[in-house]
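# Close look at the chain arrangement
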Amino acid sequence: MRRIYFDHSATTPVDAEVAKVVMEYMTEKFGNPSSIHAFGREVRKAVEESRERVAALIGASSKEIFFTSGGTEADNWALKGIASANRKKGNHIITSSIEHHAILHTCEYLEKQGFSITYLPVDENARVNVEDVKKAITDQTILISIMFANNEVGTIQPIKEIGEIAREQGIYFHTDAVQAVGHYPIDVGEYNIDLLSMAGHKFYGPKGVGALYIRRGVKIAPGQQGGAQERTMRAGTENVPGIVGLGKAAEIAKNNMEKEITHVSDLKDKLMRGIVEKVPDVKLNGHPELRMPGNVNFSFLYVEGESLLLNLDLKGIAASSGSACTSGSLDPSHVLLAMGLTHEAAHGSLRLSLGRYNTEEDIAYCLEVLPEIVERLRSMSPLGANSIIHESNPCSSCSLH
Ligand SMILES: *Cc1c(COP(=O)(O)O)cnc(C)c1O
């Protein structure tokens, strides 16, 4: 059977060139970069070259790149590190209600430690309002953390405007750019970004490796204590194969950025147009233009995202849904709810995230099978257009409950 991968926002396949260098540094070139001998020196050199490639991808200097175990660690470090090093200055942090859990759950932890967090609302397209950011600032504010692009609906935030406000007010600005790095041009200087998180596996690199960009001069506590690695900011023997793979992925992304954006967004436009033409009662989730080139997210009214997902899987198409029913939670996506979607629309959401290796044929195949699946599910569904969904039980639309 045909197998099509439309879940690039969850993770990407590893580029063959990346896999090759990872293998090289898992086998022949196994030295510890802290060792003085030749085995160590060749590896140290590779780690530093990788740092330069990662820096080049976001317009940073290599001294401002610190390798981590991925996006979650980078987010944790940014928030906790700034909070603890700047506590005397203030205890207030501004973020948004649609961040990844790596940010939201870290914020909840910081609240327990005595920090005060403002979770900004978003509009119906999942965008933060710049005026809301301004209004939320107090004399206690030490950090603004707003994601570059949302992982569910792909909406790109007004990063440059928020960066300007933060800079004017002398407040640090962090962005979780895990979805955007490698897929969208980012320049930390132009955007006034002080801290930025990225993850290798979201742009064709290995899992378990990422980086935190920390602008020179930013006051932040180390990520963890131990040896002198990462200039004493993040102790522990480096994940050399991962780091070298991340550097390779960064180099490939930088060299192919424009070409890839064109390829992926052409496919995305075709898929979006096709779905709107062939399936009635659909609603696009996320901003119509200011969205990631590969992100397609629709709510299919009167069906459940999970049923769609499972039926697509049977046809060989891998996608994902904005409803968390399958993960055992009763709540649909916090992102879709923050955008003001009804529980029913949130439960009917489907994300198709496209990538480098997808083709026109993949799109055509999807447009062949998806409308059939939706029609069949709707014809069997107790949630038909005429059924009543009780307001008092917002999750009555999900049969799994
Ligand atoms: C995937 C993701 C993360 C977490 O990154 P990991 O490397 O999986 O820990 C954080 N933020 C966003 C926006 C993501 O998409």
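No experiment lies behind these values; they were computed from the predicted model shown.

### Quick notes on unusual backbone geometry
- Despite not being glycine, Glu230 shows a phi value in the positive range, around 50°.
- Locating Glu230 in the fold gives a position in the loop between strand S8 (210-214) and helix H7 (240-278).
- By relative accessible area, Glu230 is classed as buried at 6%.

### Details of the environment of Asn86
- In this structure, Asn86 sits in the loop between helix H3 (71-85) and strand S3 (92-96).
- What makes Asn86 buried here is its relative accessible area of 3%.
- Setting aside residues up to four positions removed in sequence, Asn86 forms contacts with Ile142, Tyr172 and Lys219.
- A distance of 2.8 Å separates a polar side-chain atom of Asn86 from the backbone oxygen of Ile82.

### Here we look at the pattern of salt bridges
- Scanning the model with the defined rule gives 20 salt bridges in all.
- A salt bridge links Arg2 to Asp362; the shortest N-O distance between them is 3.2 Å. Of this pair, Arg2 sits in the segment before strand S1 (4-5) while Asp362 is found in helix H11 (residues 360-380), placing the two residues 360 residues apart along the sequence.
- Across the pair Asp194 and Arg215 runs a salt bridge whose closest N-O atoms are separated by 3.1 Å. With Asp194 in the loop between strand S6 (172-176) and strand S7 (195-199) and Arg215 in the loop between S8 and H7, this residue pair connects regions lying 21 residues apart in the sequence.
- By relative accessible area, Asp194 is classed as buried at 5%.
- Members of the salt-bridge network, linked through shared partners, are Arg44, Glu48, Arg51, Glu230 and Glu238.

### Digging into the sheet that holds strand S10 (residues 295-300)
- Ordered in space as S9-S10-S13-S12, the four strands form an open sheet in which the pairing is antiparallel. Each end of this open sheet is capped by a strand with a single partner; those strands are strand S9 (282-284) and strand S12 (320-321).
- Where S9 lies against S10, three bridges are found, and the strand directions are antiparallel. Considered in S10, the bridge of Leu284 is made with Phe298.

### Some thoughts on the pairing of strand S5 (residues 141-145)
- With five of its five residues buried, S5 lies for the most part within the structure.
- Here S3 pairs with S5 via three bridges, running parallel. When the sheet's bridge partners are listed, His92 is paired in S5 with Thr141.
- Of the crossover connections in this fold, the one passing from S5 over helix H6 (residues 159-169) to the parallel S6 is right-handed.

### Quick look at the site of the ligand
- The full set close to the ligand counts 13 residues, and Gly71, Thr72, Asp176, Gln179 and Lys202 are the nearest of them.
- Asp176 is positioned with one of its side-chain polar atoms (N or O) 2.7 Å from a nitrogen atom of the ligand.
- Gln179 places a side-chain nitrogen or oxygen 2.7 Å from an oxygen atom of the ligand.
- Notes on the ligand: free accessible area 380 Å², of which the protein chains cover 86%.
- No other element matches the three residues that H3 contributes to the shell around the ligand.
- For the shell around the ligand, a count of residues per class yields three nonpolar, seven polar and three charged.

### Thoughts on the nonpolar core
- The biggest cluster of nonpolar side chains holds 67 residues, and the ones touching the most others in it are Ile58, Ile144, Ile186, Leu196 and Phe203.
- With nine residues, H7 is the single largest residue contributor to this core.
- Both domain 1 (4-10 + 257-380) and domain 2 (16-254) contribute no fewer than three residues apiece to this core.
- Sequence-distant contacts of Ile58, that is, excluding residues within four places in its chain, are made with Ile65, Val181, Ile186, Asp187, Val188, Leu196, Met198 and Tyr213.
- Met272, Ile317, Leu350 and Ile373 belong to the second-largest nonpolar core, a separate cluster that totals 29 residues.

### A look at the packing of aromatic side chains
- In total, this model carries six aromatic pairs according to the counting rule given.
- Considering the side-chain rings of Tyr204 and Tyr357, the 5.8 Å spacing of their centres and the 80° angle between planes classify their relative orientation as edge-to-face. A residue pair is termed long-range when its members are at least 10 positions apart, and Tyr204 in the loop between S7 and S8 and Tyr357 in the loop between strand S13 (349-353) and H11 qualify at 153 residues.
- Above the ring of Tyr109, the side-chain terminus of Lys80 is found at 4.9 Å from the ring centroid.
- Over the ring of Tyr204 we find Arg356, and its NZ or CZ is 3.8 Å from the ring centre.

Rules and cut-offs
Residues numbered from 1 in each chain as written. Predicted model: local features only at pLDDT ≥ 70, side-chain atom pairs only at ≥ 80, totals over all residues. Heavy atoms only, no water. Helix = DSSP H or I, 4+ residues; strand = E, 2+ residues; numbered from the N terminus. Buried < 20%, exposed > 50% of the residue type's maximum accessible area, 1.4 Å probe, protein only. Contact = heavy atoms within 4.5 Å. Polar contact = N/O pair within 3.5 Å; in protein donor to acceptor, adjacent residues only side chain to side chain. Salt bridge = Lys/Arg side-chain N within 4 Å of Asp/Glu carboxyl O. Pairing = 2+ DSSP bridges. Right-handed = clockwise from strand over helix to strand, strands pointing away. Near = heavy atom within 4 Å. Areas by Shrake-Rupley, 256 points an atom, 1.4 Å probe, with all protein chains shown as cover. Nonpolar A, V, L, I, M, F, W, Y, C, P; charged D, E, K, R; others polar. Core = buried A, V, L, I, M, F, W, Y, C linked by side-chain atoms within 4.5 Å. Domains from an automatic or database assignment. Phe/Tyr/Trp six-rings, centres within 6.5 Å; stacked < 30°, edge-to-face > 60°. Lys NZ or Arg CZ within 6 Å of the ring centre and 35° of its normal.

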